[in-house]
Each structure stands twice: as C-alpha cells, then as structure tokens.
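# Commentary on secondary and tertiary structure
One-letter residues, chain by chain:
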Amino acid sequence: MIKKIRYLGNWVLLVGSTILVCLFLGIILFDIVSKGLPALSWGFITKFPQKGMTQGGILPAIIGTTLLTFITTIFSVPFGVACAVYLNEYAKPSLLANIIRASIRNLAGIPSIIYGLFGLALFVQALRLGTSVLSAGLTLGLLSLPYVITTTEEALKRVPNGMREATLALGATQFETIRDVVLRRASPGILTGIILTLSRAAGETAPILFTGVAFYINSVTVSLNQEFMALPYHLYMLATQHQSIEQVRPLAYATALVLILLVFILNSIAFFIRYKQRAQDEYGRN
Amino acid sequence: MSAHEMNLYFGRKHILKNISIDFKKNEVTSLIGPSGCGKSTLLRSFNRMHDLSPDAKIEGLIKLDSLDLYDKKSSLTDIRKRVGMVFQKPNPLPKTIFENLSYALNIHRFPKKEIPELIEKALKESYLWDEVKDELDKPAVKLSGGQQQRLCIARAVVLRPEVILMDEPCSALDPISTLKIEELILSLKKDYTIVIVTHNMQQAQRISDKVAFMYLGELIEFDARKKIFGHAEKELTRNYVNGHFG
C-alpha cells in the first residue's frame, strides 16, 4: 500500500514537473503570438521603421541580423571544424590536448557580455575595425567557436573506426581519409551543430552591444565597416528604451515573433537533418 | 611475404613474441588460436595498420618479396596497394557501389579511362557483378551484409594487390553468405596470396592450404592443413583443434 502511494507520488512529481515546464513555455509562446500576430504583416518585414519607429517595419534589422550571422558563419565554421578535426583525428592523447579541450569547454561557459567587452577591446579598438558589422560578426564568431568545435568533435566521434581503416587500408593518406570519408560521414552531425549554434548566436544581444549594433539606420548598405540594426537589439530597444513604449508594444511583440520564427526555422532544419541522419545510421550501422 | 623474428609491443605489453612465418604465393594460410592470442594483431602488422597506434612498437623484419615493409623509405601508399585488407565487419564507404571501387583506383591515379573496366572485372571476380550490375549508383550501405563484404573484397581486389589479408571476414555473416565468401576465397587463391584469421575450425579446414596456430602471442605450430588437423606435433595444437579449449 505504502509502496503504491510512493509510486503514485513519484509519478505525480515527474509528470507535474513536465507539465509545469511545458505550461510556462506555452504561456510565453501564446503571449508573444497573440500580441505579435496582429502587428505582423508583409509590410512589417519589408519596410523601414517610420515616424520614430512607431510605424513601419523592421527590414534593416532583418538584413542586419542576416549579414551578421553570415559573417559569424564564415569566421567560426572553418576554424571550428579544423580545430575539431585536429583534436579528434590528429592530436595524440596527451596533457596538452586535454588542456585544449578543457579550455574550449570553459570558453563555452563564459557569459556573453564578456565576449562583447573582449570584442570591443580587440576588434573595435586594438584592430581598429571600429563599431561595425564586421567587429560584431567576429565577436559572435568567437562566441560560437567553442560550440562548433564541441559539436563537430562529437560528430567525428560517431564515425565508426572501421570507416577510417577502410580507406587507410586502400592506401589513402590520413588527410585523404578525413577529407573524403570522415567529414562526409560526419557532415549531417556537423551541420546540425553549426545551425543550432548559429540560431543561438543570431539571438545574442550582449556581444553586439558594444561592437557595432545601432539604434537606428535609415539606409541599407551591405558594407562591412558600417553599423547595423539587429533583431534582438531592436527588440530590447523597443521594449525598454523607446520614449513611447506603450505605443510600440505591438511592434516589439511582432519583432519577438519574427526572431522566434527565425530561430524556429533554423532549429527545424537542424532537426530534419538529424532525423535523416538517424535513418541513414540505422541502415549502414557498422 | 614473411616475418622474421618479429616482436610487437603495445606500450610495455609484449603482444607478439619472436614470430617467424613465411606465406607462399597462391596459398591460403589460416591463422587460428583462442581470442587474444595475437592473430589479428599479427595480420594487421602486414599492412602497417598499427601505424596509427602511437604506443605500438615493432621489432624484427617483415618483408614482401625484397621490400622491407617497415623501412622508413618504403611508401605506405605503395605497401597498402600491394597488400590489401578485408575487415571483420563489412565497412563500405558512405558512397555508391561504383564509387567504393573507383575511390581506391583514384587514390592510386589509375587512368580514368580504364576505371569502369577494372571495376567490372573486380566485381565479377568477387561474384557480385550479376547482383549489382544494374544498380552501381546505389549507396553501398543498402546492400546486404554478405554483399557488402563481397564489395569490400572487390575493393581490395580492384587494386590488383599481391597479398590479401582477411580478418575474420565471415564472423558477421550468415551461413549462406559465409559459403559464398569461402568459395570466393578459393577462387581468388590462383591470383593472390591470402592470409585469413578465423575462429571457425571448419572454415579453416575447408579453405586453407596451411594453418598457423598461435597461443599467447607465440606461433606454436605452422604446417600444412592436413598435418595440423590430422596429427599435429604439439599437444597444445592438438588440444585446440580438437576443441578441448578455445
């Protein structure tokens, strides 16, 4: 009897926690969708802000975030993947390799505001790139590197050793083996990691705060040394800094909705790739 | 191909002890012995698969004809072209059937024109051609386990090696696929020297010309198949082949 009650208690506790978590998520999503949807229109994503941002759209912020994410990708992906390949394929198990690995894990835990200040000191000031989309992109690239490295390493670990032996035994060099077989086989996992990392980076505010994001710009110039608008900062500004906050509240909600949709789309792509890979893995498991 | 007074260490562990053995051309030699006796380790030394293990150390001489395999001047790519290997689990590359074979040829810079012809020949020799000739563009992982293993043999054969090493090639396969591979091994013997590690005594009896019995890293006895399975000289060998331990 007591056993039964305890069992029931555990069940209620677990299911209750799950429901609670989902409830919060549901409330947040419902709040944003219900208040953001009325303000969301084709014009909202294709127009410039007008009349002190009380009307119009968020086109420059969308373009800014896209360009920013693009620079982040160019900077973090090649270096991150190369570093992971070195750690997983070439580095012999040694104290040095372990120290490098531990440092990377720790980098992933550093608060993003510190990356922002570091970016300000290094890219904006020391390297004289100024507050620009390039500086901000590089800063976000730094922030993304540890995630790209870690997820790529995990993907490389999942490549069965037999695959490497197969090509080596044919006379391929280690480099050819990695280039032609290991990376190819690991690519869905690597891609998933990259997309998830980028969707996270696209929503960051702190790292771009000091390095190049602007309150408002009235022209779209896709040039690297210009300041830019970005979705998360635009949202922050509409929600806390605008002189008539009540009036722009619907716009803020719609901006949040666009940002969430963007992240949701990126995550769905990652989910889809992972799903496809799982099917493939089960077929050719060895 | 031969090994002469060869020792192999993993770190401080002495794995292979003073092994001398000589594989004759156009013969199938089986390496048998209980698990952990070092037969796979020995097999893998013949195409330098231990190169990637940083703590492996090899002493002694391993030769292919007059070429010293572990001489620093020997080209690894060249050695592995002359000594092919088939693994325990079928390991087709994540590419199409055709690409699995053309990949090997491209690495060794075979002329592009000859590639389709060489691939057809290798697949025919591996008894796979009739089953796959219409679907060469299919991913190799979609083949059955037995077909995958024959593809792996074809991949070794397509380079025209001199020796083919096989590490328990049938252990992951069903009996019918196993029979097909055994038949294949017997037909390949006329062109290649074959060294095969096997746990299966019946298999060793069916396919080998010579049998080497290993125990705890030592080569106990190496002789013709009939001798080993009929009247082996050492008691240890007799006990093993009669199934008293293993």
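The coordinates are above.
Note that the structure is a prediction, hence the values are computed from the model and not measured. (Residues numbered from 1 in each chain as written. Chains lettered and ligands numbered in written order. Predicted model: local features only at pLDDT ≥ 70, side-chain atom pairs only at ≥ 80, totals over all residues.)

### Side note on the sheet that holds strand E4 (residues 56–64) of chain B
Residue and element names in this part refer to chain B. Judged by pairing direction, the sheet is antiparallel, and its four strands sit side by side in the order E2-E1-E4-E5 without closing on themselves. Each edge of the open sheet carries a strand with a single partner, namely strand E2 (13–22) and strand E5 (67–68). Relative to E2, strand E1 (residues 2–10) is paired through six bridges, and the arrangement is antiparallel. Of the residues in E2, the one forming a bridge with serine 2 is aspartate 22. (Pairing = 2+ DSSP bridges. Helix = DSSP H or I, 4+ residues; strand = E, 2+ residues; numbered from the N terminus.)

### Overview of the interface of chain B and chain A
Contacts between chain B and chain A engage 20 residues on the former and 19 residues on the latter. Mapped onto the side of chain B that touches chain A, the elements with two or more residues apiece are helix H2 (76–82) and helix H3 (97–107) of chain B. (Contact = placed C-beta atoms within 7 Å.)

### Topic: helix H4 (residues 115–125) of chain B
All names here are of chain B. Among the residues making up H4, those that are buried are Ile119, Ala122 and Leu123. The buried residues of H4 all sit within an arc of 100 degrees when viewed along its axis, so they share a single face. Check the buried side of H4 and you find it contacts H3, helix H5 (129–132) and helix H6 (145–157). (Buried ≥ 20, exposed ≤ 12 C-beta atoms within 10 Å, placed from the backbone. Arc of directions from axis to C-beta.)

### Points about helix H3 (residues 59–90) of chain A
Taking 1.5 Å as the rise per residue, H3 of chain A with 32 residues should run 46 Å; its terminal C-alpha atoms sit 45 Å apart, in good agreement. Within H3 of chain A, the axis deviates most sharply at serine 76 of chain A, by approximately 25 degrees, and proline proline 78 of chain A lies no more than four positions further along. (Expected span 1.5 Å × (residues − 1). Bend = angle between axes of the 7 residues up to and from the residue.)

### Looking at the nonpolar core
With 144 residues, the main nonpolar core has Leu68, Val213 and Ala230 of chain A together with Ala154, Val158 and Ile194 of chain B as its most contacted residues. When residues in this core are grouped by element, the largest group, 13 residues, is from helix H6 (residues 133–157) of chain A. Among residues more than four places away in sequence, those in contact with valine 213 of chain A are Ala136, Ile208, Phe228, Met229, Ala230 and Tyr233 of chain A. (Core = buried A, V, L, I, M, F, W, Y, C linked by C-beta atoms within 7 Å.)

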